[in-house]
Amino acid sequence: MTSRTAVYPGSFDPITNGHIDLVKRSLTIFDEVIVAILVNPKKSPLFSVQERTALAQEVFLGEPRVRVEHFDGLLIDFLRHCDSRIIIRGLRAISDFEMEFQMALTNRKLAPEIETFLMVPGFKYTFLNSTIVKELASFGGQISDFVPPPVERALKEKFVR
Ligand code: ADP
């Protein structure tokens, strides 16, 4: 059997326990997961791409089957560059569906050999996203249930008052 590399693209601004849950689930199916951090000039992220990459790398330090990279441009070009044919995305609620469906079909039109896997996280992560975590952190709220310790530290540093 050939080894299967899946690419999990996103902003990861910053990586949360929900993202991590999805990576762990993916590792039960695929041999390797590349966390692919999108450099999107249209968004103004809280963390630079270097910071987002370093945080994700720290989180997966003990997991040799996870690689963290960043990319710009078309996702399918990045997949071809990585020799992967699998995109992983998360579905938390019905509200995610329309956008993810549209993206999956667009990517299929551009690259029919690539399949998108829409994965559902553990129930406790279904309400979680990076925006909520950043908002909580900005008001000094407790975020330890939502992000791993390195991310908690980094968020606290960003919002030092
Ligand atoms: P993007 O800007 O591409 O949506 P995100 O980092 O917000 O980047 O999300 C990347 C992917 O991870 C998306 O498919 C999103 O649905 C998924 N995701 C984000 N948070 C969670 C979560 N708590 N549980 C499962 N999937 C998630």
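J.: Would you take a moment to explain the pairing of strand β2 (residues 32-38) for this structure?
T.: On a regular strand, one side chain projects to one face of the sheet and the next to the other, so that they alternate. β2 sits mainly inside the fold: six of its seven residues count as buried. One ladder, built from six bridges, connects strand β1 (residues 5-10) with β2; its direction is parallel. Looking across to β2, one finds that Gly10 is bridged to Ile37. One crossover worth recording links β1 to the parallel β2 by way of helix α1 (residues 17-27), and it is right-handed. For β2 and strand β3 (residues 66-71), the ladder comprises six bridges, and the chain directions are parallel. Bridging from a neighbouring strand, Val35 pairs with Val68 of β3. This β-α-β element, β2 to helix α2 (residues 49-59) to β3, shows right-handed connectivity.

J.: Please explain the environment of Pro64 as it appears in this structure.
T.: With respect to the helices and strands, Pro64 occurs in the loop between α2 and β3. Taking the C-alpha atoms as reference points, Pro64 and Val33, 31 residues apart in sequence, are found 9.7 Å from one another.

J.: Can you walk me through the site of the ligand in this structure?
T.: Tyr8, Ser11, Lys43, Gly90 and Leu128 are the nearest of the 17 residues found near the ligand. The separation between a nitrogen atom of the ligand and a polar side-chain atom of Arg92 is 3.2 Å. Here the ligand has 540 Å² of accessible area as a free molecule, and 88% of this is covered by the chains. Contributing elements (two or more residues each) for the shell around the ligand: β1, α1, β4 (86-90) and α4 (94-110). Taken together, the residues of the shell around the ligand sort by class into seven nonpolar, five polar and five charged.

J.: Before we go on, may I ask you to explain the pattern of salt bridges in this structure?
T.: Close approach of charged atoms allows side chains with opposite charge to pair. Taken as a whole and assessed by the stated rule, the structure comprises 12 salt bridges. With a shortest N-O distance of 2.8 Å, Asp13 and Lys134 are connected by a salt bridge. Of the two residues, Asp13 sits in the loop between β1 and α1 while Lys134 sits in helix α5 (residues 130-138), which places them 121 residues apart along the sequence. Accessibility assignment for this pair places Asp13 and Lys134 in one class, buried. The closest approach of N and O atoms between Arg65 and Glu63, which form a salt bridge, is 3.9 Å. Linked by salt bridges that have partners in common, Glu32, Arg67 and Glu69 make up one network.

Thresholds, definitions, all that
Residues numbered from 1 in each chain as written. Predicted model: local features only at pLDDT ≥ 70, side-chain atom pairs only at ≥ 80, totals over all residues. Heavy atoms only, no water. Buried < 20%, exposed > 50% of the residue type's maximum accessible area, 1.4 Å probe, protein only. Helix = DSSP H or I, 4+ residues; strand = E, 2+ residues; numbered from the N terminus. Pairing = 2+ DSSP bridges. Right-handed = clockwise from strand over helix to strand, strands pointing away. Near = heavy atom within 4 Å. Polar contact = N/O pair within 3.5 Å; in protein donor to acceptor, adjacent residues only side chain to side chain. Areas by Shrake-Rupley, 256 points an atom, 1.4 Å probe, with all protein chains shown as cover. Nonpolar A, V, L, I, M, F, W, Y, C, P; charged D, E, K, R; others polar. Salt bridge = Lys/Arg side-chain N within 4 Å of Asp/Glu carboxyl O.

Fair warning: the whole summary comes from geometry, so function is off the table for now.
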